[in-house]
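So the chains spell out like this:
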There are 4 protein chains.
Amino acid sequence: MTSIGVAVAGTGFIGPVHVEGLRRAGQNVIGILGSTPAKSRQAAEQLGLATGYESFDEILGDSRVEAVHIATPNRLHFEMAAQALRAGRHVICEKPLAMNSRESRELMRVAADAGVAAAVAYNIRFYPLCLEARDRITSGRAGSILHVMGSYVQDWLLRDTDFNWRVLSREGGELRALADIGTHWLDLIQFITGLRITAVCADLYTVHRTRRRPTGSVETFQGKACAPQATTQVPIDTDDAGGLLLEFENGARGNLWVSQVTAGRKNCLRFEIAAAEESLAWNSEHPNELWIGRRDSANEVLLRDPALLGPAARAATSYPGGHNEGFPDTFKQLFRAFYGYVAAGDFRAPPPFPTFADGHREIVLCEAILQSHRERRWVAVSENTP
Amino acid sequence: MTSIGVAVAGTGFIGPVHVEGLRRAGQNVIGILGSTPAKSRQAAEQLGLATGYESFDEILGDSRVEAVHIATPNRLHFEMAAQALRAGRHVICEKPLAMNSRESRELMRVAADAGVAAAVAYNIRFYPLCLEARDRITSGRAGSILHVMGSYVQDWLLRDTDFNWRVLSREGGELRALADIGTHWLDLIQFITGLRITAVCADLYTVHRTRRRPTGSVETFQGKACAPQATTQVPIDTDDAGGLLLEFENGARGNLWVSQVTAGRKNCLRFEIAAAEESLAWNSEHPNELWIGRRDSANEVLLRDPALLGPAARAATSYPGGHNEGFPDTFKQLFRAFYGYVAAGDFRAPPPFPTFADGHREIVLCEAILQSHRERRWVAVSENTP
Amino acid sequence: MTSIGVAVAGTGFIGPVHVEGLRRAGQNVIGILGSTPAKSRQAAEQLGLATGYESFDEILGDSRVEAVHIATPNRLHFEMAAQALRAGRHVICEKPLAMNSRESRELMRVAADAGVAAAVAYNIRFYPLCLEARDRITSGRAGSILHVMGSYVQDWLLRDTDFNWRVLSREGGELRALADIGTHWLDLIQFITGLRITAVCADLYTVHRTRRRPTGSVETFQGKACAPQATTQVPIDTDDAGGLLLEFENGARGNLWVSQVTAGRKNCLRFEIAAAEESLAWNSEHPNELWIGRRDSANEVLLRDPALLGPAARAATSYPGGHNEGFPDTFKQLFRAFYGYVAAGDFRAPPPFPTFADGHREIVLCEAILQSHRERRWVAVSENTP
Amino acid sequence: MTSIGVAVAGTGFIGPVHVEGLRRAGQNVIGILGSTPAKSRQAAEQLGLATGYESFDEILGDSRVEAVHIATPNRLHFEMAAQALRAGRHVICEKPLAMNSRESRELMRVAADAGVAAAVAYNIRFYPLCLEARDRITSGRAGSILHVMGSYVQDWLLRDTDFNWRVLSREGGELRALADIGTHWLDLIQFITGLRITAVCADLYTVHRTRRRPTGSVETFQGKACAPQATTQVPIDTDDAGGLLLEFENGARGNLWVSQVTAGRKNCLRFEIAAAEESLAWNSEHPNELWIGRRDSANEVLLRDPALLGPAARAATSYPGGHNEGFPDTFKQLFRAFYGYVAAGDFRAPPPFPTFADGHREIVLCEAILQSHRERRWVAVSENTP
């Protein structure tokens, strides 16, 4: 395994997840950047990293750093990704790739010109049984896709006392639940089925039109465990929940429900794909099992056992059957795929990871969703496609 | 328990289910009517009933018969229910109550004038844990409803060789999957939440635009087990699957997915209701368990144990916890409620079962769904409401 | 379906279950007998039966009664079954067949001489997926049996305030949890595997060495829902829980855990049979699913869908896949098998239900279990076999 | 986080698991040792480690190495652990600690004299929900323990063509399934309940009395995925499966079933602890859920959500609820606990990890199990206790 120097920007929930995944993937994590130099130093110390960077420029000036991971708030993605690419660094950017399709289209172009590797961190693709589902479909074994239903629901923003920068449209974008978690599902389903979504009909919903904001900041998922504190009331215009009707390029239909206010569901992505020969269902809260529905014989439950998986899923599996892998493992596998590609060095080869084009497509889709919601009608995704 | 004489019209899948439920509810089943006198006699013999009726008129002329159950194909419901009511018989009619809202409105009026009891067989309401869910919501314990997601999926019409009278719009109506099974879900959710659906956006989908019809007839659910036989190709215009976006009277939102082509799901109704204090999820394939999601403590799984249920659910439970009840038990409980009401004799008292008004509301809703699908837009249910 | 006259002795938990099952199986339930004439009359009225018998003799004198179901406390089984058989009545007796193997051996002989049909109510055999498991094993498809593990656990006697006649050895016998529920498992496993248990090593355990007895009587499973009342302290010498190691005739091994003090398990019988080609696991709290474990391909979950079952299981299934059947349905199916055999009239044909020989074998096994427990050593079942 | 230099001995299944866990725990993995220098170099390269050691002596001579992980075949544990301790290195040794209680007692003494930290890698203790179960019991919340049932079953040795050094008693010890996996369960249950097992009654079972050994070696869990090759027949005297009856120091009882020949169960450890106020059940194939059974209210399913866990479980959790952790995470958490203790530097403080005394106790227990099996009788564990 070839090891290169990597820096991570972002010290919130997901930055340290990248650090751990990089270590498991055998890469050399040089340092980390927080929103202030003090936060950088604190994170570096907690994570056992040599360097807490002063600024993003310092990262780009550090010759040991060959790749940069961008795990900062959404509104910073565009600028940082563009700079890093232009500075000749490989980039893995958290989703969403940018704040709008103008930016994401620009990033696609920058990445294409840069001669480096560039990925968007749609890590859920790297659950081995999601890869297996894709393989059963793209190989034709499952038969043609008839319809897809699914959901992605959480409860960490259930109460009006739950707060995070993501609820503010100027920080996270005009779509929230749909963009933060819904896009994971939308990317995953298009990846698994190999089908593009061509039209959407959306209905979004803000349960709490005001929320109480604590004086200090709150990391994603951390609010639930915090003690009460002083708050101010702030108006909220982003979606807590919402539903989509979907049309796929082959004429198949689907739906998606997204919510961050479903008590008891902590982080629960589910899909149920009905194809002509079998159905495929999966739940991220039981990620080591793929349900395979059959009409004329018993249903199946396929465990994530490398001895039972096809090549793509097996390549993304490190542990034997019954030795559960989980969420952190998806980052390791994404990074193994990415740095294997980097090590191979042929950047015209088809990338085995989600690209900036995938990231751009998601943003185009989000814009269609927002338009559909506002105009309360079906919107063809092609209306917005570059 | 007071026992009265009952006749059942219909010898397909659901007629014999009524006979068994009536016996368990301690009623006296006098006889049964099939589509021909020979079928009547055959069914009577198989079921151990004294009488195989020659005609519906013969039932109405039989003075032993105080109540009539209508379990015939949909297009016969209106006429039979109206006749039976006018002949002074109590009526339990299978859903849908009629073929359109003109008919169902008329039946409401006939029932109101008849001075007898009249129910629509929305049996799923009588799963004890559905009654318990209703109780948790209507008592305020669950908090206000935020959204509802759900599905009702089956696989018995997956292949183009699967056939039944229900696939033909002239026999079963223009809506099929939505009407046959979707309406069970829509009735159930409005019953449990106590909230009316006020607007719908529908997208329906016919997977098989032609099906191969066997020469003989095929009972509901029976096709899968039959040997191959001679077929003719017939065009199909009813829905195999479809999705709905929903708006409830309190502003809550929801979705529903319906399908009769989902391999491996035999008869699977699911709902997940997100309320302010807890979520409630249930699956008809595990009907003895209610999942209760919580934000700030462990989730719960409530088993159908009468010692743990509220009064409404306990009253609809005959067996101790762990002694599973199932689909046939819902008919028994519906009939116990109905014939208890009949025995009490006060037909102005609030009925503890789904009424013809409920049956009419479902048909109005179906018409809004069909309109929404055809016009590809949101339709307010009130547009169609009488 | 031929219908004959049946009387039921016993008005506790299980007597009314028999009445309902008989009605579903199309038999003519003439009347019922309680522990007093008043209880007989009360039960007859509640269940809508014509006759509340004064005495067991009155049943035997009633010429309409061709079959008798014995659902009285255990200590009465021997005498009632013997009398009914000698009076030329078909008999279905609840388990255990008698209080000891001397009695059960005698009953075997009486039944053999009587020229009628005689069954023990091991109803669990009639869950369709238990029949299916048996079929997979006896057909050789599953391969040779390697081992069996399992349990039968409940919680209705968890507290020392829980009381029922079964806890007293003079009422229910010296074994309690093992005999009341353990024997269901032991009968089921021997039925499914086709293998006799040849040796046992038992360790039984009384959690509550005294219990508080209410002044009145308490029906099985009913105590949990009762209000507190006056009690007296009584010493308990029957088992609340216990474990067995098992040896089967082919050399396979197994274990069983039984408990009536496991909080949260209401009535949970589980088995997991490891055979050379597949494993079979089943849980009575999800009786419509059979888990089939595979080494070299995906595991399977077989739903109780008649289109997917073999002949024996299909014959014991009344409802389509996904329309859950449960505990009450097993009695219906047992009675359908029994009264079909009665109607066929050849009592030398192999009976499709558990016989008095099966009931005797269970009692012999229980005696070996008790001896093993007391002597704290392995006991060969053959030591005790007649 | 303080980082120290660590070497790992063992390149089979579990050695690389240690390397990854050490990296996640922020420790500095210097190098690795295989069974030959060539294997050492190959493993070092694959894992991205600087050093492939020539010999165990070379590790002990490497002054950068402050801690040694022993993940070699069982028969090497004693010698390597003793040497490393005597050389002043902290040691984490895989289970079993040694081949017999004479060795393990000796190791206890060496560890006590060495003034360093010494752990046995009972990683399963570090599943957060196992820690939570322990907390519910030791705090008294669950009430006194009544009984424990459980199993640990796998399928990787189902066929007689499955082979691994562990099946040979001279390589792995006279107990196999019981020692390899059963001891994980026995350690875990004593850890969770805080109760020692005082007596055992065992029945072990060798399904395949001969196995076909491939010419080359086969890593644990790897056989299933290999191509067929030349084999020789070898006699097997270790246990493929077996059952135990257990007695705990407080009089509670239990059982355990262990098997490496249960088709479909890949690595499935289950326990169900019945206590006076609640039951606790857990399954390693769904490690993010703890089932809490209740008698008088709904059962609970507690998800591994740090916001819902007590301090001990929360300290061993890195990811938010719904972001599944799994098997690799238990090693990270064990190592975090171990190296936190090392960094604190007070080796008289109670260790927050399994000690050599725990490892010794397991071997004493295994010797009692083997004696019980051979003498076919109950054996008090104290008979063998030092």
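Structure's up top.
Residues numbered from 1 in each chain as written. Chains lettered and ligands numbered in written order. Predicted model: local features only at pLDDT ≥ 70, side-chain atom pairs only at ≥ 80, totals over all residues. Heavy atoms only, no water.

**As for the relation of the copies chain D and chain C**
Argument step 1. Overlaying chain D on chain C yields an RMSD of 0.0 Å, the required transformation being a rotation through 180 degrees with an accompanying axial translation of 0.0 Å. The superposition operator between the copies reduces to a two-fold rotation axis. Scanning chain D for the C-alpha nearest the rotation axis identifies D:Arg377, at a separation of 3.1 Å.
Argument step 2. Most of the interface of chain D is mirrored in chain C, where 98% of its interface residues again form contacts. (Least-squares fit on C-alpha atoms with pLDDT ≥ 70 in both. Contact = heavy atoms within 4.5 Å.)

**Regarding the relation of the copies chain C and chain B**
Argument step 1. Once chain C has been moved 0.0 Å along the axis and rotated by 180 degrees, it coincides with chain B to within an RMSD of 0.0 Å.
Argument step 2. Take the interface residues of chain C: 100% of them recur as interface residues in chain B, which is what a same-surface contact looks like.

**Focus: the interface of chain D and chain C**
By a widely used convention, the size of an interface equals the accessible area lost when the partners come together.
Argument step 1. The partner chain C presents 54 residues to the 55 residues of chain D that form the contact.
Argument step 2. Across the interface of chain D and chain C, roughly 4300 Å² is buried in total on both sides, 51% from carbon and sulfur atoms.
Argument step 3. Taken together, chain D and chain C are joined by 14 salt bridges.
Argument step 4. For D:Glu277, the salt bridge is made with C:Arg159, and the minimal N-O distance between the two is 3.7 Å.
Argument step 5. In this assembly, chain D and chain C are joined by 28 residue pairs in polar contact (both at pLDDT 80 or more). (Buried area = accessible area lost by both parts, 1.4 Å probe. Salt bridge = Lys/Arg side-chain N within 4 Å of Asp/Glu carboxyl O. Polar contact = N/O pair within 3.5 Å; in protein donor to acceptor, adjacent residues only side chain to side chain.)

**Some points on the side chain of A:Asn324**
Argument step 1. One can find A:Asn324 in the loop between helix H9 (311–315) and helix H10 (327–344).
Argument step 2. Residue class for A:Asn324 comes out buried when judged on its relative accessible area of 5%.
Argument step 3. Side-chain polar atoms of A:Asn324 contact the backbone oxygen of D:Glu285, separated by 3.2 Å.
Argument step 4. What A:Asn324 contacts, discounting residues up to four positions off in sequence, is A:Asn288, A:Arg304, D:Ser284, D:Glu285, D:His286, D:Pro287, D:Gly326, D:Phe327 and D:Pro328. (Helix = DSSP H or I, 4+ residues; strand = E, 2+ residues; numbered from the N terminus. Buried < 20%, exposed > 50% of the residue type's maximum accessible area, 1.4 Å probe, protein only.)

**What to know about the packing of aromatic side chains**
Argument step 1. Counted under the stated rule, the structure contains 40 aromatic pairs over all chains.
Argument step 2. Relative to C:Trp282, the ring of C:Phe271 lies with its centre 5.9 Å away and its plane at 25 degrees, an arrangement referred to as stacked. Taken together, the positions of C:Phe271 in strand S13 (residues 268–275) and C:Trp282 in strand S14 (residues 279–283) put the pair eleven residues apart, joining distant regions of the chain.
Argument step 3. Seen from their ring centres, D:Phe338 and D:Tyr339 are 5.0 Å apart, and the 80 degrees between their planes marks the pair as edge-to-face.
Argument step 4. Members of the aromatic cluster, each reached through a chain of ring pairs, are A:Phe13, A:Phe327, A:Phe331, A:Phe335 and D:Tyr319.
Argument step 5. Seen from the ring of B:Phe191, B:Arg134 lies directly overhead, with NZ or CZ sitting 4.3 Å from the centre.
Argument step 6. Looking at C:Arg265, its charged tip hangs above the ring of D:Trp291, at a distance of 3.6 Å from the centre. (Phe/Tyr/Trp six-rings, centres within 6.5 Å; stacked < 30°, edge-to-face > 60°. Lys NZ or Arg CZ within 6 Å of the ring centre and 35° of its normal.)

**Quick word on unusual backbone geometry**
All names here are of chain A.
Argument step 1. For the bond from lysine 95 to proline 96, the omega torsion is -5 degrees, close enough to zero to count as cis.
Argument step 2. Within the secondary structure layout, proline 96 lies in the loop between strand S5 (90–93) and helix H5 (101–114).
Argument step 3. For arginine 376, which is not glycine, the phi torsion reads 55 degrees and is therefore positive.
Argument step 4. Within the secondary structure, arginine 376 is located in the loop between helix H11 (356–375) and strand S17 (379–380).
Argument step 5. What makes arginine 376 partly exposed here is its relative accessible area of 36%.

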